[in-house]
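Notes for the structure review
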Amino acid sequence: MLNIKNLEAKVDNKHILNGLNLNIKPGEVHAIMGPNGSGKSTLANILSGKNGYETKGEINFDGQNLSELSTEERAQKGIFLAFQYPLEIPGVNTNVFLRTSLNSIRKARSEKELDTLSFLKLVKEKSSELGIDEKFLSRQLNVGFSGGEKKKNEILQMKILQPKLAILDETDSGLDIDALRIVADGVNSYKNKYNAFLIITHYQRLLDYIKPDFIHVLSKGKIVKTGNAELGVELEKTGYANFT
Amino acid sequence: MKTEDLKNTQEYKYGFSTDVENIRAPKGLNEDTIKFISKIKKEPKWMLEWRLKAFNRLKILKEPDWQKPKYPKINYQDLYYYSAPKSVSEKPKSLDEIDPKILETYKKLGIPLDEQKKLNGIAVDAVFDSVSVATTFKDELTKKGIIFCSISEAIQKHPDLVKKYLGSVIPLSDHYFATLNSAVFTDGSFVYIPPNTKCPMELSTYFRINASETGQFERTLIIADKGSYVSYLEGCTAPMRDENQLHAANVELVALDDAEIKYSTVQNWYPGDENGVGGIYNFVTKRGACRGKNSKISWTQVETGSAITWKYPSCILQGDNSVGEFYSIAITNNHQKADTGTKMIHLGKNTKSKIISKGISAGKADNMYRGLVEIKNKASNSRNYTQCDSLLMGNKCGAHTIPYIKNNNSTSTIEHEATTTKINEEQLYYCNQRGLDQEEAVSLIVNGFCKDVLQQLPMEFAVEAQKLVAISLEGSVG
Ligand SMILES: Nc1ncnc2c1ncn2[C@@H]1O[C@H](COP(=O)(O)OP(=O)(O)O)[C@@H](O)[C@H]1O
Ligand SMILES: [Mg+2]
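Residues numbered from 1 in each chain as written. Chains lettered and ligands numbered in written order. Predicted model: local features only at pLDDT ≥ 70, side-chain atom pairs only at ≥ 80, totals over all residues. Heavy atoms only, no water.

1. A look at the overall build of chain B
Basically, it comes down to this: Secondary structure elements are taken from DSSP: a helix is a run of H or I of four residues or more, a strand is a run of E of two residues or more, and numbering for both begins at the N terminus. Between the two quantities, the radius of gyration covers C-alpha atoms and the globule rule is 2.2 Å times the number of residues to the power 0.38. Contact between two residues is taken to exist if any of their heavy atoms lie within 4.5 Å; hydrogens are not considered. All accessible-area figures derive from a Shrake-Rupley calculation using a 1.4 Å probe, and residue coverage is judged against the displayed protein chains alone. Counted as positive: Lys and Arg. Counted as negative: Asp and Glu, with His and the chain ends omitted from the count. Charged groups are reduced to one reference atom each: NZ for lysine, CZ for arginine, CG for aspartic acid, CD for glutamic acid.
Each helix and strand counted, chain B has 11 helices and 24 strands in total. For chain B, whose C-alpha radius of gyration is 22 Å, the value lies close to the compact-globule estimate of 23 Å for 478 residues. Taken over the C-alpha atoms alone, chain B extends approximately 65 × 60 × 45 Å along its principal axes. In chain B, 83% of the contacts between residues at least 6 apart in sequence involve partners at least 24 apart. As displayed, chain B offers around 18500 Å² of accessible surface, 49% of which is attributable to carbon and sulfur atoms. Considering chain B, the positive charge centre built from 61 side chains and the negative charge centre built from 58 side chains are found 6 Å apart.

Below you can see the structure in the form of structure tokens.
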């Protein structure tokens, strides 16, 4: 599904990624761990098409060269990024945002736009799965949301937009243990053999709830080690010292 | 989006002109022109005298120059002050008598005037250059005793009301442009709502500038008698021309005891091209008097057009417990300039005012909020709340906020909040990541920013205004 070959990235002549390789197949869960500043968010941003990076290398998604697609086209093709810091958009109702987003994606896939009723039904179902109060959805997008609420809202969006590849950028940071479990349940219930996850995290904690097939250690813009779930446990003990 | 597409969507959709034969007053600002206007409108003598009095005042007044947007000197002798399609210079008695070309114009503008297809429950007065061409739903309103007609007609048929209230809010010698209007105003709307009557539909005037080298000077007078209510909306468009055209209107509102007037404007005059050539100078005086106790006047404006917009819809809160509100969205793109805001003058006790201003600048445009809140010494327990938010798109535009605050009563309070934000690349990226393209994203964010004001508009117009907001900013990001 996703093929990254020798990805390099620079910002203002500063090298952030230095030849990164990664292959993700449908049904797989990959975790990327690494110290602060190792380039994890940069990787997520480049995959989702954020401007401002000078890149080299190749990224293929579903047989298509990603660099030819705009940010919204990537989203429409099924790449979803749960942001490390979800943005506040004052005056925009969360429900309206979700619906605009879902319908843009459906339109791009030549699917019929959802009418208000079917949409509300869908939202109701998905938000109750995540224990999100409906009232919360008529609030302005992310404005005044607590850290945990913002992250849950990202997972709600994921479940509604149904991406092929979901990238979670430190969705676990700042969550208390209950919220963490809810987020993990959200991921586990969405996971199937057609979609894939790239989970960026700092801590082993989340991986107690979401079993990754692969764990990659990112350091100085490169994957320096790949292993299975065991690697996470090991990292928890030793830290990243061996990799920097 | 391809550049080609962008060009097409960005184009000012109302920029066409209508080819009709006109009757014009000779060029120039002088007594003869004023007499010409008064005569062609068959005005009574007192009206002509009133105009001439204004003209004499004008001679000693100076054009103001304290505003931020500067403009090249206007040669007032080189303008036409009266231009009317020949076919309607005698006001047509029925819609059948209106030149089909003019009806077609309004149809293109989305304002069908023929009785069959008139806008849903909205009575429309259509002003084409210097004359009112049609007023719909007249009979229905007449049954309730509501008068809704052109000001020219009101001068002839309801002289007592006009005499009593015209100039009672904006005095003859108020300032240069208001006085100019008093001397040469050509048409506009007149509304009178009798006591204890709730106007059963939205009243609306649609102003269209068509002729070139012509100034438009319209005059609107709305009187809400005791215990009445009216919601009034004006819309404006003009053809694309490479000259600057002057539009200097006066709008006077009077609310008596327990009456309420809601006045909404969607101003979309031609803004000029992307290099700043052409466009309307929109120099307008709008003022409302809350003359009775418990009266209320609420101004809502969505200003997206014009090369220069310069206006301060104001409320004079005379009656005890009266309420004044001002909700504004001012959008400037390319080389557009806006210097707009309000004046809230608190005279009565327990008077309240609220100001919500949203300024959006893009391109090389400049947007200024300028507002006065004055609480006089007798206005005890009065309150004002002001919130001014500016949104910048790009690095070449500007936003400025100048509040003037005068509180002469220690029991009264004035509260002012202001914010300036830049449309945020991160917010756009977030929206894009959720599948919205750039235009959708901008529209969503900007409409969110304007929400407090948009929701003040009557339903039908809120949707239109929302689209207009998006269109006027198309192509301004990324
Ligand atoms: N836009 C930018 N301009 C300059 N430096 C940046 C920019 N984005 C990221 N960096 C730098 O690149 C490195 C990697 O950042 P990031 O990908 O956010 O790391 P992580 O998510 O792993 O903590 C950091 O040193 C960061 O300061
Ligand atoms: Mg990060």
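So that's the structure; there's more coming.
2. Details of the overall build of chain A
Worth spelling out the cut-off: Burial classification: accessible surface area is computed with a 1.4 Å probe over protein chains only, and a residue below 20% of its type maximum counts as buried, one above 50% as exposed, and the rest as partly exposed.
A count of helical and extended segments in chain A gives 7 helices and 12 strands. The C-alpha atoms of chain A give a radius of gyration of 18 Å, which matches the 18 Å a tight globule of 244 residues would have. Counting the 244 residues in chain A, one finds 52% classified as buried. Across chain A, contacts joining residues at least 24 apart in sequence account for 70% of those joining residues at least 6 apart. Split by element, the accessible area of chain A, about 11100 Å² in all, is 47% carbon and sulfur. Charged side chains of chain A number 33 positive and 30 negative; the gap between the two group centres comes to 1 Å.

3. Considering the coordination of the magnesium ion (ligand 2)
Geometrically, a metal with four donors at the corners of a regular tetrahedron has ideal angles of 109.5 degrees, and one with six donors at the corners of a regular octahedron has ideal angles of 90 or 180 degrees. Residue and element names in this part refer to chain A. Using the following cut-off: Each metal site is built from N, O and S donor atoms within 2.8 Å (3.2 Å for Na, K and Ca), and since water is not included, such sites may look incomplete.
Coordination of the magnesium ion (ligand 2) by the protein involves Ser-41 (OG) and Gln-84 (OE1), with metal-donor separations of 2.0 to 2.3 Å. Of this pair, Ser-41 sits in helix H1 (residues 40-48) while Gln-84 sits in the loop between strand E6 (79-82) and strand E7 (89-93), and the two are 43 residues apart along the sequence. The exposure class of Gln-84 is buried, given its relative accessible area of 16%.

4. Here we look at the sheet that holds strand E9 (residues 165-169) of chain A
Sheet strands associate in pairs through backbone hydrogen bonding, adopting either a parallel or an antiparallel arrangement. Residues and elements named next belong to chain A. Condition: Two strands are counted as paired when DSSP detects at least two bridges linking them. Angles here are taken between N-to-C directions and fall from 0 to 180 degrees, while the axes themselves are lines fitted to C-alpha atoms, restricted in helices to the stretch in contact.
The mixed open sheet is built from 6 strands, whose spatial order is E6-E9-E10-E3-E11-E12. Where the open sheet ends on each side, the last strands, each with one partner, are E6 and strand E12 (222-227). The mean inter-strand angle of the sheet, taken between neighbouring strand axes irrespective of direction, is 20°. In this structure, strand E3 (residues 29-33) lies alongside strand E11 (residues 214-219), joined through 4 bridges in parallel fashion. Residue pairing across strands places Met-33 opposite Val-217, the latter belonging to E11. H1 contacts E3, E6, E9, strand E10 (196-201) and E11 of the sheet and is inclined by roughly 145° relative to E6.

5. Examining the site of ligand 1
Residues and elements named next belong to chain A. For clarity, the threshold we go by: Any residue with a heavy atom lying within 4 Å of a molecule or strand is counted as near it. Throughout this description, a polar contact denotes any pair of N or O atoms lying within 3.5 Å of each other; where both atoms belong to protein, one of them has to be capable of donating a hydrogen while the other can accept it, and for residues adjacent in sequence the pair is counted only when both atoms sit in side chains. For this classification, Asp, Glu, Lys and Arg are treated as charged, while Ala, Val, Leu, Ile, Met, Phe, Trp, Tyr, Cys and Pro are nonpolar and the rest, including Gly, are polar.
All residues in the neighbourhood of ligand 1 are listed as Val-11, Lys-14, Ile-16, Pro-35, Asn-36, Gly-37, Ser-38, Gly-39, Lys-40, Ser-41 and Thr-42. Side-chain polar atom of Thr-42 to an oxygen atom of ligand 1: 2.5 Å apart, as the coordinates give it. Every element with two or more residues in the shell around ligand 1 is listed here: strand E2 (14-24) and H1. Among the elements that make up the shell around ligand 1, the one with the highest residue count is H1 (3 residues). Taken together, the residues that form the shell around ligand 1 break down as 3 nonpolar, 6 polar and 2 charged.

6. Side note on the sheet that holds strand E4 (residues 54-61) of chain A
All names here are of chain A. Sheet architecture is open: 4 strands sit in the order E2-E1-E4-E5, paired in antiparallel fashion. Each edge of the open sheet carries a strand with a single partner, namely E2 and strand E5 (64-65). Its contacts with the sheet place H1 against strand E1 (2-11), E2 and E4, and it is angled at close to 110° to E1.

7. Notes on the interface of chain A and chain B
How we decide: In short, buried area is how much 1.4 Å probe accessible area vanishes from two parts on joining, totalled over both. We define a salt bridge as a side-chain nitrogen of Lys or Arg found within 4 Å of a carboxyl oxygen belonging to Asp or Glu.
The interface of chain A with chain B comprises 32 residues on the first partner and 18 residues on the second. Taking both sides of the interface into account, the surface hidden between chain A and chain B amounts to around 2000 Å²; carbon and sulfur atoms contribute 61%. Of all residues in chain A, the largest losses of buried area upon contact with chain B belong to Glu-72, Phe-83 and Leu-87 of chain A, amounting jointly to 25% of the total for that side. For the interface between chain A and chain B, the tally reads 2 salt bridges. Among the salt bridges present, the one from Lys-50 of chain A reaches Glu-426 of chain B, with a minimum N-O distance of 2.7 Å. The interface formed by chain A and chain B holds 15 residue pairs in polar contact (both at pLDDT 80 or more) in total. Put simply, the parts of the chain that give the side of chain A that touches chain B at least two residues each are H1, helix H2 (71-76), E6, E7, helix H3 (94-108) and helix H5 (147-161) of chain A.

8. What to know about the packing of helix H4 (residues 116-129) of chain A against H5 of chain A
All names here are of chain A. To keep things clear, this is the line we draw: Throughout, the term roughly parallel applies to angles under 35 degrees, roughly antiparallel to angles over 145, roughly perpendicular to angles from 65 to 115, and oblique to all others. Crossing handedness is read from the near helix: turned anticlockwise from the far helix by less than a right angle, it gives a left-handed crossing, and turned clockwise, a right-handed one.
Between H4 and H5, the shortest axis-to-axis distance is 10 Å and the interhelical angle comes to 135°. With respect to H5, the axis of H4 lies oblique. In the crossing of H4 with H5, the sense of the turn from one axis to the other is right-handed. Note on element contacts: H5 touches H4 through Leu-156, Lys-159 and Ile-160, opposite Leu-122, Val-123, Lys-126, Ser-127 and Glu-129. The residue makeup of the contact of H4 with H5, split by class, is 4 nonpolar, 1 polar and 3 charged.

9. Considering the domain arrangement of chain A
Residues and elements named next belong to chain A. The criterion, for reference: An automatic or database domain assignment is the source of the domain bounds shown.
Looking at the assigned domains, one finds that chain A contains domain 1 (1-78 + 163-176 + 192-244) and domain 2 (88-162). For domain 1 and domain 2, the distance between their C-alpha centres works out to 25 Å. Between domain 1 and domain 2, the contact holds 12 residues from the first and 10 residues from the second. Of the roughly 800 Å² buried between domain 1 and domain 2 on both sides combined, carbon and sulfur atoms contribute 69%. Summed over the three residues of domain 1 that lose the most area to domain 2, namely Gln-76, Pro-163 and Thr-171, the buried surface amounts to 59% of that side. Taken together, the links from domain 1 to domain 2 amount to 0 salt bridges. Sorting the residues of the side of domain 1 that touches domain 2 by element identifies H2 and E9 as the ones contributing at least two each. When the residues that make up the side of domain 1 that touches domain 2 are grouped by side-chain class, the tally is 6 nonpolar, 4 polar and 2 charged.

10. Describing the environment of Tyr-190 of chain A
Residues and elements named next belong to chain A. By the element assignment, Tyr-190 lies in helix H6 (residues 177-190). Among the residues examined, Tyr-190 registers a relative accessible area of 11% and is labelled buried. Once the C-alpha coordinates of Tyr-190 and Phe-214 are considered, the two residues, 24 residues apart in sequence, prove to be 18 Å apart. Ignoring anything within four residues of it in the chain, the contact list for Tyr-190 reads Met-158, Gln-162, Pro-163, Asn-195 and Phe-197.

11. Topic: the state of the cysteines
Residues and elements named next belong to chain B. Where we set the bar: Disulfides are defined as pairs of cysteine sulfur atoms found within 2.5 Å of each other.
A complete count under the given rule lists 0 disulfides over all chains for this structure. As a non-bridged cysteine, Cys-290 has Cys-315 as the owner of its nearest cysteine sulfur, 5.5 Å distant. The class for Cys-290 is buried, based on a relative accessible area of 0%. Note on Cys-315: relative accessible area 0%, which makes it buried.

12. Description of the side chain of Arg-51 of chain B
Residue and element names in this part refer to chain B. With respect to the helices, strands and loops of the structure, Arg-51 is situated in helix H3 (residues 45-60). When its relative accessible area of 0% is taken as the criterion, Arg-51 is described as buried. Ignoring any residue separated from it by four or fewer positions in sequence, one finds Arg-51 in contact with Ile-34, Ile-37, Ser-38, Glu-43, Ser-182, Ala-183, Val-184 and Phe-185.

13. As for H3 of chain A
The α-helix advances 3.6 residues per turn, and as a result positions three or four apart in sequence lie on the same side. All names here are of chain A. Which entries qualify depends on this criterion: By this rule the span expected of a helix is its residue count minus one, scaled by 1.5 Å.
Here H3 contains 15 residues, and its C-alpha end-to-end distance of 21 Å stays within 8% of the 21 Å for a straight helix at 1.5 Å per residue. Looking at H3, one finds that the buried residues are Thr-94, Asn-95, Phe-97, Leu-98, Ser-101, Leu-102, Asn-103, Ser-104 and Ile-105. For H3, the N-terminal cap is Asn-93; the gap from its side-chain oxygen to the backbone nitrogen of Asn-95 is 2.8 Å.

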